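Here is what each chain is made of, one letter per residue.
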Amino acid sequence: MTPDNAAASVDRFTAADPLYRRRKAIDRAMTAVMFAAAGATVVPLALILFYLFRNGLGAINLDLFLLDPSAPGRGGGGVRSALVGSAIMVGLGTAIGTPVAIGCGVFLAEFGRNRAGTVLRFLVDVLAGIPSITVGLFVYGLIVLPARQFTAFAGAVALAIILIPILARITEEMMLLVPRSLREAAYALGAPHWMTVLRIVLPTAMPGIMTGLMLALARIAGEAAPLMFTALGNQFLSTDLFHAMDALPLRIFYFATGPYENWHQQAWAMSLVLVLFILGVSLLARTIVGSKVTVRQ
Amino acid sequence: MERPELIVQEPIVQAPAAPEPQRRDFFQVGTASGRVERAERRVSVAVEDVSAWYGSKLAVAGVSFEVLAHSVTALIGPSGCGKSTVLRCINRMHEINVGARVEGTVRLEGADVYGPNVDATRVRQRVGMVFQKPNPFPTMSIAENVAAGLRFMKIGTKSEERDRVEEALRAAALWDEVKDDLNKSGMALSGGQQQRLCIARTIAVEPEVVLMDEPCSALDPVATLKIEDLMAELAQRYTIVIVTHNLQQAARVADYTGFILLEQSDSAGHLIEYSPTSDLFTHPRDKRTEDFITGRFG
Ligand SMILES: Nc1ncnc2c1ncn2[C@@H]1O[C@H](COP(=O)(O)OP(=O)(O)O)[C@@H](O)[C@H]1O
Ligand SMILES: [Mg+2]
């Protein structure tokens, strides 16, 4: 390199060079665009939280949690029936869906490298894309009509059907993330395939699967559509799995569309409770992911 | 004559005509340790005309060599020549790759590990393996890691298991460092300690042969030295085959050394030369071996 073009190449990196100035400008513009996009994503969440707190916080009191919905136009009352109903149906739906989803995910990860796996994976994705109201209708035809009865059980089944494809794919992905070296270590110790999966791969993937479970649970906790034709809703407290049962999203829908001021306020309050619950579960999921990072090499 | 105690093993197959283990005298003593000379000159592993494929790609071709019991045998060669592949053919780890295939024969104490009715998992219990990167099970404590193989096989009671864990950790020269932390995660250990943990895990199931695939390549020199010292110890009880890219390491630890090289004709790895280590390094018979050990390529 001659001194001459060495000087020229140094010039390239100074503000005097027009090419450099243009690059700098593009860089600034791109950075601004990306900041704007990031902002556009966060602003709705911030606004939602703002409105929920502004409109809902005032209606949060002990009565909300301890009393059942008041009769139309009576004022007062609470949403205990909805809180209890949501806890029962989300819990039962998770309990039904989780083993199926994890089993399906394990199958996809371990035996899904073939045609059958490809087909199953596609079907799971299709199921995940089916509108939740359609799932509700399906369960209505499957369980509610034959039983001639709206039931919490049917609601839980509908929630499970929504949970299964989400959790199955997360399980598969988490299993595939387990380093191959760990499987090899197990094989090299003489463990057969199924034992390697059960004792090594699944436990190693478990924090990730639990995170997925949290996210799926948060998702079904907020679903109203699949419960409309299944659990129906109930203004009285019920813990009977074979009767209509209330749920927070249903109660929000009924109260928000009703004509009474105290209902509207309680709908805001329930929304706030639900969003805080989902936020909490998501944070929990994050801490599990955090612990997973230390476990991974 | 002190002779290491042999672990009595049931044969892999209850085949009627398992051939007698071959015995043969080698013309020369291995390294300075003279270990092989003192030990029984019994062929532990015989690799006979082994070729291995990944899908349609031939990776190694026509490899044959014999490993004497209680010797340390090193496989050297440029990277990508098929050292790991050869090693993984011995304990049938090659076949876990999708589409992988092996031809030829590998005998363990005379019995063909690729024979009909031979269970690959049983072969792997008798031929353990230590990998390039330390890979303790992250969900298990140190003790559980060492006991993992025993639990896979459902061997022993809790107290027997504790004894075996301690014994294996002592044999892997790790006991003193971890004896107060047995319930801590293995991931908290240093790289060298993790690798010794993996060695302990491997020998806890009392294999006959221990395969090591570049066990020190991820370690610092001090940790490397520890593992090299350990190899001489372990050879008292186990037969060791080690892949290494480090020629000095092969010269230091191995009684026998094989040199593998990619041949242009079929772009597959071939065993160019297999000799007592001192011979291979001082009087290589093949020009290509000489080029390699003098650093002219690879
Ligand atoms: N899992 C695999 N799939 C396909 N090809 C492989 C795989 N593992 C190794 N190979 C190929 O086989 C050859 C030998 O590899 P390897 O035995 O790992 O070499 P070495 O251990 O000597 O570096 C290389 O050409 C490599 O690309
Ligand atoms: Mg290798």
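Residues numbered from 1 in each chain as written. Chains lettered and ligands numbered in written order. Predicted model: local features only at pLDDT ≥ 70, side-chain atom pairs only at ≥ 80, totals over all residues. Heavy atoms only, no water.

## Observations concerning the overall build of chain B
Here comes step 1: The helix and strand inventory of chain B stands at 11 helices and 10 strands.
Here comes step 2: Counting over 298 residues, chain B shows a buried share of 59%.
Here comes step 3: At a minimum sequence separation of 6, the contacts of chain B that also span at least 24 residues come to 70%.
Here comes step 4: Carbon together with sulfur atoms contributes 49% to the accessible area of chain B, which is approximately 12700 Å² in total. (Helix = DSSP H or I, 4+ residues; strand = E, 2+ residues; numbered from the N terminus. Buried < 20%, exposed > 50% of the residue type's maximum accessible area, 1.4 Å probe, protein only. Contact = heavy atoms within 4.5 Å. Areas by Shrake-Rupley, 256 points an atom, 1.4 Å probe, with all protein chains shown as cover.)

## Regarding the interface of chain A and chain B
Here comes step 1: Taken together, the contacts link 19 residues of chain A with 27 residues of chain B.
Here comes step 2: Together chain A and chain B conceal approximately 2000 Å² of surface at their shared face, both sides included; 66% is due to carbon and sulfur atoms.
Here comes step 3: Where chain A touches chain B, the interface holds 1 salt bridge.
Here comes step 4: A:E184 is paired through a salt bridge with B:R88; the nearest N and O atoms lie 2.9 Å apart.
Here comes step 5: At the junction of chain A and chain B, the tally comes to 3 residue pairs in polar contact (both at pLDDT 80 or more).
Here comes step 6: Listed by contribution, the elements that provide at least two residues to the side of chain A that touches chain B are α8 (180-188) and α9 (193-221) of chain A.
Here comes step 7: Looking at which element gives the most residues to the side of chain A that touches chain B, the answer is α8(A), with 8 residues.
Here comes step 8: Tallied by class, residues from the side of chain A that touches chain B come to 12 nonpolar, 4 polar and 3 charged. (Buried area = accessible area lost by both parts, 1.4 Å probe. Salt bridge = Lys/Arg side-chain N within 4 Å of Asp/Glu carboxyl O. Polar contact = N/O pair within 3.5 Å; in protein donor to acceptor, adjacent residues only side chain to side chain. Nonpolar A, V, L, I, M, F, W, Y, C, P; charged D, E, K, R; others polar.)

## Focus on the site of ligand 1
Residue and element names in this part refer to chain B.
Here comes step 1: Close contacts around ligand 1 come from Y54, K57, A59, S79, G80, C81, G82, K83, S84, T85 and N97, and that covers them all.
Here comes step 2: A distance of 2.6 Å separates an oxygen atom of ligand 1 from a polar side-chain atom of S84.
Here comes step 3: Contact with the protein chains removes 62% of the 550 Å² of surface that ligand 1 exposes when unbound.
Here comes step 4: Of all the elements in the fold, those that place two or more residues in the shell around ligand 1 are β2 (57-68) and α2 (83-90).
Here comes step 5: Top element by residues in the shell around ligand 1 is α2. It accounts for 3 residues.
Here comes step 6: A breakdown of the residues in the shell around ligand 1 according to their chemical character gives 3 nonpolar, 6 polar and 2 charged. (Near = heavy atom within 4 Å.)

## Things to note about a nonpolar patch on the surface
Residue and element names in this part refer to chain A.
Here comes step 1: Among the surface-exposed residues, V119, F122, L123, V126, L127 and I130 lie close enough to one another that they form a single nonpolar patch of about 500 Å² accessible area.
Here comes step 2: Position of L123 relative to the elements: it lies in helix α5 (residues 115-129).
Here comes step 3: The exposure class of L123 is partly exposed, given its relative accessible area of 49%. (Patch = residues over 30% accessible without salt bridge, like charges linked within 9 Å, V, L, I, M, F, W, Y side chains within 5 Å.)

## Structural notes on the domain arrangement of chain A
Residue and element names in this part refer to chain A.
Here comes step 1: Along its sequence, chain A is carved into domain 1 (3-59) and domain 2 (64-296).
Here comes step 2: If you average the C-alpha positions of domain 1 and of domain 2, the two centres end up 38 Å apart.
Here comes step 3: Taken together, the two surfaces of domain 1 and domain 2 that pack against each other cover about 780 Å², and 85% of this comes from carbon and sulfur.
Here comes step 4: Viewed at the interface, domain 2 and domain 1 are joined by 0 salt bridges.
Here comes step 5: Joining domain 1 to domain 2, the criterion identifies 0 residue pairs in polar contact (both at pLDDT 80 or more).
Here comes step 6: Here the residues of the side of domain 1 that touches domain 2 are counted per class, giving 6 nonpolar, 2 polar and no charged. (Domains from an automatic or database assignment.)

## Considerations on the environment of B:L150
Residues and elements named next belong to chain B.
Here comes step 1: Relative to the assigned elements, L150 resides in helix α4 (residues 142-153).
Here comes step 2: Expressed as a C-alpha distance, the spacing of L150 and R164, which sit 14 residues apart in the sequence, is 8.9 Å.
Here comes step 3: Dropping the residues within four chain positions of it, L150 is found in contact with I155, E161, R164, A204 and V205.

## Considering the pairing of strand β6 (residues 127-130) of chain B
All names here are of chain B.
Here comes step 1: Because side chains alternate across β6, one face comprises the buried residues V127 and M129, and the other comprises G128 and V130, equally buried.
Here comes step 2: Inspection of the sheet shows β6 paired to strand β7 (residues 209-213) by 4 bridges, in the parallel sense. Looking at β7, one finds that V130 is bridged to M212. (Pairing = 2+ DSSP bridges.)

## Some thoughts on the packing of α4(B) against helix α5 (residues 158-171) of chain B
Residue and element names in this part refer to chain B.
Here comes step 1: In the contact formed by α4 and α5, the axes pass within 9 Å of each other and the chain directions differ by 115 degrees. Judged on the interaxial angle alone, α5 and α4 are roughly perpendicular. Considering only the axes of α4 and α5, their crossing is right-handed. When α4 is examined against α5, the residues I142, A143, V146, A147, L150 and R151 are found in contact with a partner set consisting of K158, E161, R164, V165, A168 and L169.
Here comes step 2: Grouping the amino acids of the contact of α4 with α5 by side-chain chemistry returns 8 nonpolar, no polar and 4 charged. (Axes fitted to C-alpha atoms, helices over the stretch in contact; angles between N-to-C directions. Parallel < 35°, antiparallel > 145°, perpendicular 65-115°, else oblique. Left-handed = near helix turned anticlockwise from the far one by under 90°.)

## Focus on the nonpolar core
Here comes step 1: Of all hydrophobic cores here, the largest spans 59 residues; its most connected members are A:M89, A:V139, A:M175, B:F137 and B:F152.
Here comes step 2: The set of elements that each furnish at least two residues to this core consists of α4 (80-111), α6 (132-147), α7 (152-177), α8, α9 and α12 (261-295) of chain A together with α4 of chain B.
Here comes step 3: Excluding its chain neighbours within four sequence positions, the residues that come into contact with A:M89 are A:A152, A:G155, A:A156, A:L159, A:L227, A:A231, A:M245, A:D246 and A:A247.
Here comes step 4: Within the second largest apolar cluster, 45 residues are counted, among which are B:A74, B:A168, B:I240 and B:V253. (Core = buried A, V, L, I, M, F, W, Y, C linked by side-chain atoms within 4.5 Å.)

## Looking at the pattern of salt bridges
One side chain can pair with another of opposite charge once the charged atoms of both are near each other.
Here comes step 1: In the structure shown here, the tally under the stated rule is 27 salt bridges over all chains.
Here comes step 2: Among the ionic pairs, A:E223 bridges to A:R219, the shortest N-O distance being 3.0 Å.
Here comes step 3: Exposure remark for A:E223: the relative accessible area of 10% places this residue in the buried category.
Here comes step 4: Here B:K179 makes a salt bridge to B:D176, at a shortest N to O gap of 3.8 Å.
Here comes step 5: Residue class for B:K179 comes out partly exposed when judged on its relative accessible area of 37%.
Here comes step 6: Through salt bridges with shared partners, one network takes in A:R113, A:R121, A:D125, A:R169, A:E172 and A:E173.

## A closer look at the side chain of A:T94
Here comes step 1: Take A:T94: it is sitting in helix α4.
Here comes step 2: Ignoring anything within four residues of it in the chain, the contact list for A:T94 reads A:P99, A:L163, A:L213, A:L217 and A:I220.

## Focus: the pairing of strand β8 (residues 239-243) of chain B
All names here are of chain B.
Here comes step 1: Across the 5 residues that make up β8, a large majority, 5, are buried.
Here comes step 2: Here β8 shows two buried faces, one formed by T239, V241 and V243 and the other by I240 and I242.
Here comes step 3: Taken together, the 5 bridges between β7 and β8 define a ladder with parallel strand orientation. Considered in β8, the bridge of L211 is made with V241.
Here comes step 4: As a crossover connection, the stretch from β7 through helix α8 (residues 221-234) into β8 is right-handed. (Right-handed = clockwise from strand over helix to strand, strands pointing away.)

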